[in-house]
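Survey of secondary and tertiary structure
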Amino acid sequence: MDSRQLEYFVAVAEELSFTRAAQRLFTVQSTVSAAVRALEADLKTTLFDRSTRRVTLSAAGAALLPEAKAALEALDRARAVVEEASTGLRGNIRIGTLARLGLVNLAELLGSFHRRYPLVDVQVATSPAGSSGLADDVRHGRLDVALVGLSRSELHGLEIRDLATVPFVVLLPASHPLAGKAAVRLQELEGERFVDMPRGFGNRSMVDRAFDNAGIPRRTQVEVPELTTIPDYVRAGLGVAVVPQLEPAAAPGVAQLPITGIDLTWTLSVVTVSGRRPSRAVTALLDLMSDSIRPGYF
């Protein structure tokens, strides 16, 4: 058994595909298959149940997976300690983020990180499933760290650091009958058409749950993938919106009102996988992150 065999095994276990594992490792499928077969021969067991349609972990493979990851992480830490002693912090970070997130100036944060640790490679990704997809990518090892906006009950299997909490607000067209009020109750929005993000995004889940708990039916007329574009659709009269207050003021032609009668807030958190110590590079990034929250947003 060697570290390369374990690396190939972990990739196949996480991707559940020899083809995708080979693509992830920038090699050919036959090399990955040969390494896994050699590991199975060495361990005298079958690690994957293979069929023409899918690949799944066997019971032995499922038992090996956390141990293989721990062994590879221990090797990585040992290499990192030696390299850092002579050349400085090295490594690779895969970070997931929400599209056009206003609370964190991610470009500025990563620029500062690069200036401090120029030998660390950083890859940034988003997920079409929003926070839920990012959290799942961290759980399965496709990301090392992610910025998400989910309730703690939806972050099982993850280590959580809360960065900021902001209230939800109601966005209305400036001509809406409620636009002149000081605050709005959810009950006053019954019968309205809504603009929101697709299901799976953390803020959408929280708003759906708030209306369900209040017994208020809600019809989402328009779904858009970016929070920052929602005011444009509200201004056009396509609906009202309940969103986190991520901007200091509403867009022109849109009234932004606080919500009264309910404590409805959205928390931005940074998550890593639970039960596994982050790499030294990830730890260094986390140490910088709390200083990157934009002032005036909460």
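Right, let's walk through the structure included here.

Thresholds, definitions, all that
Residues numbered from 1 in each chain as written. Predicted model: local features only at pLDDT ≥ 70, side-chain atom pairs only at ≥ 80, totals over all residues. Heavy atoms only, no water. Salt bridge = Lys/Arg side-chain N within 4 Å of Asp/Glu carboxyl O. Helix = DSSP H or I, 4+ residues; strand = E, 2+ residues; numbered from the N terminus. Buried < 20%, exposed > 50% of the residue type's maximum accessible area, 1.4 Å probe, protein only. Phe/Tyr/Trp six-rings, centres within 6.5 Å; stacked < 30°, edge-to-face > 60°. Lys NZ or Arg CZ within 6 Å of the ring centre and 35° of its normal. Polar contact = N/O pair within 3.5 Å; in protein donor to acceptor, adjacent residues only side chain to side chain. Pairing = 2+ DSSP bridges. Axes fitted to C-alpha atoms, helices over the stretch in contact; angles between N-to-C directions. Parallel < 35°, antiparallel > 145°, perpendicular 65-115°, else oblique. Left-handed = near helix turned anticlockwise from the far one by under 90°. Contact = heavy atoms within 4.5 Å. Nonpolar A, V, L, I, M, F, W, Y, C, P; charged D, E, K, R; others polar.

**Some details on the pattern of salt bridges**
Counting across every chain of the model gives 19 salt bridges. When the shortest N-O distance is used, the salt bridge between Glu14 and Lys69 registers 3.1 Å. Here Lys69 lies in helix α4 (residues 59-87) and Glu14 lies in helix α1 (residues 3-15), a separation of 55 residues in the sequence. Residue Glu14 shares its accessibility class with Lys69, and that shared class is buried.

**What to know about the packing of aromatic side chains**
Scanning the model with the defined rule gives 4 aromatic pairs in all. Between the aromatic rings of Phe9 and Phe48, the centroid separation amounts to 5.5 Å while the plane-to-plane angle is 50°, which identifies the pairing as tilted. Here Phe9, found in helix α1, pairs with Phe48, found in strand β1 (residues 48-50); they are 39 residues apart in sequence, far enough to count as distant. No difference in accessibility class separates Phe9 from Phe48, as the two residues are buried. When the centroid spacing of 5.0 Å and the interplanar angle of 50° are considered together, the rings of Phe113 and Tyr117 count as tilted. Every member of this aromatic cluster is reached through a ring pair, and the members are Phe9, Phe18 and Phe48. In this structure, Arg218 is placed above the aromatic ring of Phe194, and the distance from its NZ or CZ to the ring centre is 4.8 Å.

**Notes on the environment of Glu159**
The residue Glu159 is located in strand β6 (residues 158-173) in this model. Note on Glu159: relative accessible area 43%, which makes it partly exposed. Once the C-alpha coordinates of Glu159 and Ala174 are considered, the two residues, 15 residues apart in sequence, prove to be 42 Å apart. In terms of polar contacts, Glu159 uses its side chain to reach the side chain of Ser274, at 3.3 Å.

**Some details on the pairing of strand β3 (residues 91-96)**
As paired strands, β3 and strand β4 (residues 120-125) are joined by 6 bridges and run parallel to one another. From the neighbouring strand, Gly96 faces β4, where its bridge partner is Ala125. In this sheet, strand β5 (residues 145-148) lies alongside β3 in parallel orientation, the contact comprising 2 bridges. Counted as the bridge partner of Ile95 is Val145 from β5.

**Things to note about the packing of helix α5 (residues 106-116) against helix α9 (residues 280-289)**
Put simply, α5 and α9 touch, their axes get as near as 10 Å, and they point 130° apart. Relative to α9, α5 is oriented oblique. Considering how the two elements wind past one another, α5 and α9 form a crossing that is right-handed. Here Leu109, Leu110, Ser112, Phe113 and Arg116 of α5 lie close against α9, whose contacting residues are Ala281, Ala284, Leu285, Leu288 and Met289. Residues that form the contact of α5 with α9 fall into these classes: 8 nonpolar, 1 polar and 1 charged.

**A word on helix α6 (residues 130-139)**
Taking burial as the measure, the 10 residues of α6 include 7 buried ones, the bulk of the element. Within α6, the full set of buried residues consists of Gly130, Ser131, Gly133, Leu134, Ala135, Asp137 and Val138. Following α6 by one or two positions, Gly141 has its phi on the positive side, about 80°.

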